[in-house]
Amino acid sequence: MEFGDVWRRRRIGWLLVLIISMGIFARKGEGQLVENFYKSTCPNVEQIVRQAVQNKFSQTTITIPATLILFFHDCFVEGCDASVMISSPSGDAVEAACLDRVSCADILALAARDAVVLTGGPNFNVELGRRDGLISKASSVDRNLPSPNFDLNALTSMFARHGLSQTNMIALSGAHTIGASHCNCFFDRLFSTSGVDPSLNPAYAEQLKQVCPRNVDPSVVVKLDPTTPNTFDNLYYRNLMNRKGLFRSNEVLFTSSASKGTVVGFANNERQFNTTFVEAMQKLGRVGVKTGRAGEIRRDW
Ligand code: HEM
Ligand SMILES: [Ca+2]
Ligand SMILES: [Ca+2]
C-alpha cells in the first residue's frame, strides 16, 4: 500500500466523520428559535395569522380555546412540530402569501398567542423557526398528556420532563380560564361510590350535576371557568380558592401546600400571572423543536 492510499483513506475517514456528525446535528436540529425568523422570507406572516384567527373567532368562538389546547398538546407530543395537526388553523392564508416558507408548527404557535390576546390576555412575542415533524402517531398522544385526575407530583413530573418548572405548570394551567370540557373528564368527582368529591364547592357540584347527569349525552360540555368563561384573566385561580376547579388536576394546585402560595399569588395579582404565563408559553414553545434541516415545511394539502 502506498502512502497516498493511506492519506486518501484517512481523508475519506475524516469526511465520513464530518458527514455523520452533520447528519446527527441536522437530525437533532437543536438550533435556536428567533423572533424575526421570517423577516425576509414572509415578512407579513404575523398579520396574516392574526387576521385568520380573528376571522375564525368572529365565525365561531370555539376556535380560540381549541387552538390554545392544540398548541399545548402538540408541544407535549414529539415537541412543537405540528405533529397533532391534520390541517392548520390558518394555513391557507399563509400559504397564499408564503408558499412552502412558513411551518405549520410556527403558525400554530402564533395562532395560540393570538388566541390569548383576542380573549383579553397578555400580548407577547413568539419565537419562530420551528420545522414540522415527519412523525404523527395517535398512539403516542395519550401517555404524553396529563390526565385530569393527576395529583401535584404527577403534574409536576410530567412538565419537568419537558424542562418546565412547577411554577410554569401552574401558570400554564391558567389557560383553563377559557374553554370547556366534556362531562366525562370530571364525572367521577360527581358520582363516585363515596358520593361527591368533598374538595368540590357543594353548590358548584350541584350545578355540575344538573348539566352532567348520569347517562348524559357525551357531547355535552361545561365551561372550565364558571365566572368568566370567554375572558383570559386570572379568575381561574380565584375559582380554585373557592373550590370551583373543574378537574382534580386543577383543584390540587390549591389544596397542595407546595403550590397553594403560587395559586393565591396569581389570584391576587393578575399582572404577576400574566408575566409568568407569558414566560411559560415561550418555554413551552421551545419544547422538542426541530430546526435547521430537521423535519420539513409541511403543505396544508
Ligand atoms: C396541567 C395539566 C392539564 C390537564 C390535566 C388538562 C386537562 C384538560 C382537559 C381534561 C380538558 C377538557 C378536554 C375535553 O373535554 O375535550 C382541557 C381543556 C382545555 N385545556 Fe387543559 N389541561 C392541562 C393543561 C393545559 C395547558 C398547559 C393548556 C394551554 C396552555 C391547556 C389548555 C386547555 C384549553 C384551552 C382547554 C379548553 C379546550 C376547548 O374548549 O376546546 N390545558 N384540559
Ligand atoms: Ca408535536
Ligand atoms: Ca376567565
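Quick caveat, the model's predicted, so the values are computed rather than measured.

> Got a minute to help me understand the packing of aromatic side chains in this structure?
Each aromatic ring pair is specified by the distance between its two centres and by the angle formed by the two planes. The final tally for this structure, using the stated rule, is twelve aromatic pairs. Seen from their ring centres, Phe-37 and Tyr-38 are 4.9 Å apart, and the 85° between their planes marks the pair as edge-to-face. By relative accessible area, which is 3% here, Tyr-38 ends up buried. Residues Phe-232 and Phe-273 carry aromatic rings whose centres are separated by 5.9 Å and whose planes lie at 10° to one another, so their mutual orientation is stacked. Residue Phe-232 is found in the loop between strand E2 (221-223) and helix H10 (235-241), and its partner Phe-273 is found in helix H13 (residues 270-284); the two are separated by 41 residues along the sequence. Just above the ring of Phe-254 sits the side chain of Lys-260; from NZ or CZ to the centre is 4.7 Å.

> Which parts of the structure should I look at to understand helix H6 (residues 152-160)?
Helical geometry note: an α-helix holds 3.6 residues per turn, so side chains three or four residues apart project in the same direction. Of the residues making up H6, those classed as buried are Leu-152, Leu-155, Thr-156, Met-158 and Phe-159. Burial along H6 is one-sided: seen end-on, the buried residues are contained in an arc of 165°. Structurally, H6 contributes buried residues whose contacts are with helix H3 (63-76), helix H7 (166-173), helix H11 (248-255) and helix H12 (257-268). Its side-chain oxygen 3.3 Å from the backbone nitrogen of Asn-153, Asp-151 forms the N-cap of H6.

> Help me understand the nonpolar core in this model?
Within soluble globular proteins, side chains that are nonpolar generally end up buried alongside one another. Grouped together as the largest cluster of nonpolar side chains are 59 residues, with contacts concentrated most on Tyr-237, Leu-253, Met-281 and Leu-284. Ranked by the residues each element gives to this core, the list is headed by helix H5 (residues 104-118), at eight residues. Once residues lying within four places of it in the same chain are set aside, the contact partners of Leu-284 are Phe-71, Phe-72, Cys-75, Phe-76, Cys-80, Leu-164 and Leu-172. Grouped together as the second largest cluster of nonpolar side chains are 13 residues, Tyr-204, Val-216, Val-222 and Leu-224 included.

> What exactly am I supposed to notice about the site of ligand 1 here?
Within the structure, ligand 1 sits among 20 residues, and Ile-69, His-176, Gly-179, Ala-180 and His-182 are positioned closest to it. In the model, a nitrogen atom of ligand 1 is placed 2.9 Å from a nitrogen or oxygen of the His-176 side chain. For ligand 1, an oxygen atom lies 2.7 Å from a polar atom in the backbone of His-182. Elements with a contribution of two residues or more to the shell around ligand 1: H3, H6, H7 and strand E1 (180-182). Its residues placed into classes, the shell around ligand 1 shows 13 nonpolar, seven polar and no charged.

Cut-offs used in this document
- Residues numbered from 1 in each chain as written.
- Chains lettered and ligands numbered in written order.
- Predicted model: local features only at pLDDT ≥ 70, side-chain atom pairs only at ≥ 80, totals over all residues.
- Heavy atoms only, no water.
- Phe/Tyr/Trp six-rings, centres within 6.5 Å; stacked < 30°, edge-to-face > 60°.
- Buried < 20%, exposed > 50% of the residue type's maximum accessible area, 1.4 Å probe, protein only.
- Helix = DSSP H or I, 4+ residues; strand = E, 2+ residues; numbered from the N terminus.
- Lys NZ or Arg CZ within 6 Å of the ring centre and 35° of its normal.
- Arc of directions from axis to C-beta.
- Contact = heavy atoms within 4.5 Å.
- Polar contact = N/O pair within 3.5 Å; in protein donor to acceptor, adjacent residues only side chain to side chain.
- Core = buried A, V, L, I, M, F, W, Y, C linked by side-chain atoms within 4.5 Å.
- Near = heavy atom within 4 Å.
- Nonpolar A, V, L, I, M, F, W, Y, C, P; charged D, E, K, R; others polar.

Function-wise, these values are silent; they only describe arrangement.
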